[in-house]
Amino acid sequence: MFVPFDEMPAHSRIWVYQSDRPLSPDELQTLASSLEKFCTDWSAHGHPLKTSYCIEFSHFIILAADETAAGASGCSIDGSVRHLKSLGTQLGVDFFNRNLIPFLVDGTLSLIPIAGLRESFAGGRLNSETLTVNTLAATIGAFRTSWMIPAGQTWTARYLPSAKTA
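Quick summary incoming for the structure in this document. Counting restarts for each chain, with residues numbered from 1 along the sequence as it is written. This being a predicted model, a pLDDT of at least 70 is required before a residue's local features are given, and a value of 80 or more before pairs of side-chain atoms are given or counted; all residues contribute to the totals for chains, interfaces and linings. Just so you know, side-chain values use all the structure's heavy atoms and leave hydrogens and water out.

Some words on the overall build of the protein
Phase 1 of the analysis: A tally of helices and strands in the protein yields four helices and nine strands.
Phase 2 of the analysis: Secondary structure counts use DSSP, requiring at least four H or I residues in a row for a helix and at least two E residues in a row for a strand, with both numbered from the N terminus. Of the regular secondary structure in the protein, the N- to C-terminal order runs β-α-β-β-β-β-α-β-β-α-β-α-β.
Phase 3 of the analysis: Put simply, the protein has 166 residues, and 47% of those count as buried. Think of it in three bands: with a 1.4 Å probe and only protein chains considered, a residue is buried below 20% of the maximum accessible area for its type, exposed above 50%, and partly exposed in between.

What about the pattern of salt bridges?
Phase 1 of the analysis: Salt-bridge detection follows one rule: a side-chain nitrogen of Lys or Arg within 4 Å of a carboxyl oxygen of Asp or Glu. Taken as a whole, this structure holds three salt bridges when the rule is applied.
Phase 2 of the analysis: A salt bridge links lysine 37 to aspartate 41, with the nearest nitrogen and oxygen atoms 2.8 Å apart. With a gap of four residues between them, lysine 37 and aspartate 41 both fall in helix α1 (residues 25-41), about one helical turn apart.
Phase 3 of the analysis: Among the residues examined, aspartate 41 registers a relative accessible area of 46% and is labelled partly exposed.
Phase 4 of the analysis: Between aspartate 66 and lysine 50 there is a salt bridge whose closest N-O contact spans 3.9 Å.

Examining the sheet that holds strand β9 (residues 148-150)
Phase 1 of the analysis: A pair of strands counts as paired when DSSP detects no fewer than two bridges linking them. Spatially, the four strands line up as an open sheet ordered β7-β6-β8-β9, and their pairing is antiparallel. Taken across any chain shown, the strands that pair with only one partner, and hence form the sheet edges, are β7 (108-113) and β9. Adjacent strand axes in the sheet meet at a mean angle of 40 degrees when their direction is disregarded.
Phase 2 of the analysis: Judged from the six bridges that link them, strand β6 (residues 100-105) and β7 form a sheet pairing that is antiparallel. Opposite phenylalanine 103, over in β7, you have serine 110 as the bridge partner. Each axis is a line fitted through C-alpha atoms, taken for helices only over the stretch in contact, and angles between the N-to-C directions span 0 to 180 degrees.

Considerations on the environment of alanine 115
Phase 1 of the analysis: Secondary-structure assignment places alanine 115 in the loop between β7 and α3 (117-122).
Phase 2 of the analysis: Along the sequence, alanine 115 and leucine 100 sit 15 residues apart, while their C-alpha atoms lie 9.1 Å from each other.

Points about the packing of aromatic side chains
Phase 1 of the analysis: A pair of aromatic rings is counted whenever rings of Phe, Tyr or Trp (Trp by its six-membered ring) have centres within 6.5 Å, and the orientation is called stacked for planes under 30 degrees apart, edge-to-face for over 60 and tilted otherwise. Summed over all chains, the structure comprises eight aromatic pairs.
Phase 2 of the analysis: With centroids separated by 5.9 Å and ring planes inclined at 35 degrees, the aromatic side chains of phenylalanine 2 and tyrosine 53 adopt a geometry described as tilted. A residue pair is termed long-range when its members are at least 10 positions apart, and phenylalanine 2 in the segment before β1 (13-18) and tyrosine 53 in strand β4 (residues 50-56) qualify at 51 residues.
Phase 3 of the analysis: You can call tyrosine 53 buried: its relative accessible area is 13%.

Observations regarding the pairing of β6
Phase 1 of the analysis: Of all six residues that make up β6, five are buried, and the element is covered over most of its length.
Phase 2 of the analysis: The hairpin formed by β6 and β7 contains two residues between the paired strands, and aspartate 106 there has a positive phi angle of roughly 50 degrees.
Phase 3 of the analysis: Bridge count for β6 against strand β8 (residues 131-133) is two bridges, and the pairing is antiparallel. By the bridge assignment for β8, phenylalanine 103 is matched with threonine 132.

Quick notes on the nonpolar core
Phase 1 of the analysis: Take the buried Ala, Val, Leu, Ile, Met, Phe, Trp, Tyr and Cys residues and link them wherever side-chain atoms come within 4.5 Å; each set so joined is a nonpolar core. In terms of nonpolar packing, the biggest core is built from 19 residues, with Leu31, Leu35, Ile61, Leu63 and Phe95 touching the most fellow members.
Phase 2 of the analysis: At the level of elements, β1, α1, β5 (60-66) and α2 (74-91) are the ones that each hand at least two residues to this core.
Phase 3 of the analysis: Of all the elements, α1 adds the most residues to this core, at five residues.
Phase 4 of the analysis: Contacts of phenylalanine 95, omitting those with residues within four sequence positions, involve Tyr17, Gln18, Ser19, Leu23, Leu31, Ile61, Leu84, Leu87 and Gly88.
Phase 5 of the analysis: Counting 15 residues, the second-largest nonpolar core is a separate cluster that includes Phe60, Leu109, Val133 and Ile140. Contact criterion: two residues are considered in contact whenever any of their non-hydrogen atoms come within 4.5 Å of each other.

This is how it looks when you write it as structure tokens:
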């Protein structure tokens, strides 16, 4: 059962999917239509889930499920992954590339390859205060309170010039 994202409770579980490139307005419309239908039909073991989605920065899809009435099962989560993989194939975008790390640089979202983080920090493009997207948020409450966090407060801090290398 689809409900607007803003009406989902803070304890709702979320899954964050990041595209490997910005999505066009037409692609965003395709995603919105497909995701609303998916959320309307999303169920776990025959029990409808109270679900929603939002799209942020033309890069991120956040799926949400209020597990109060019925928990999202492994099969239902697998179904969401299959749906996102299918949409990615249809749109020519990868929602599963975890090697690109999002940062807000001069008001624009930039995806930096993990292999380029140390150089980006050392060269001054990024610093400990550069905002990054918290793709590890597990609930809507965490999403709402810490969606953007300084790089120095994340695992990327290990790439800061002052960070000790192992």
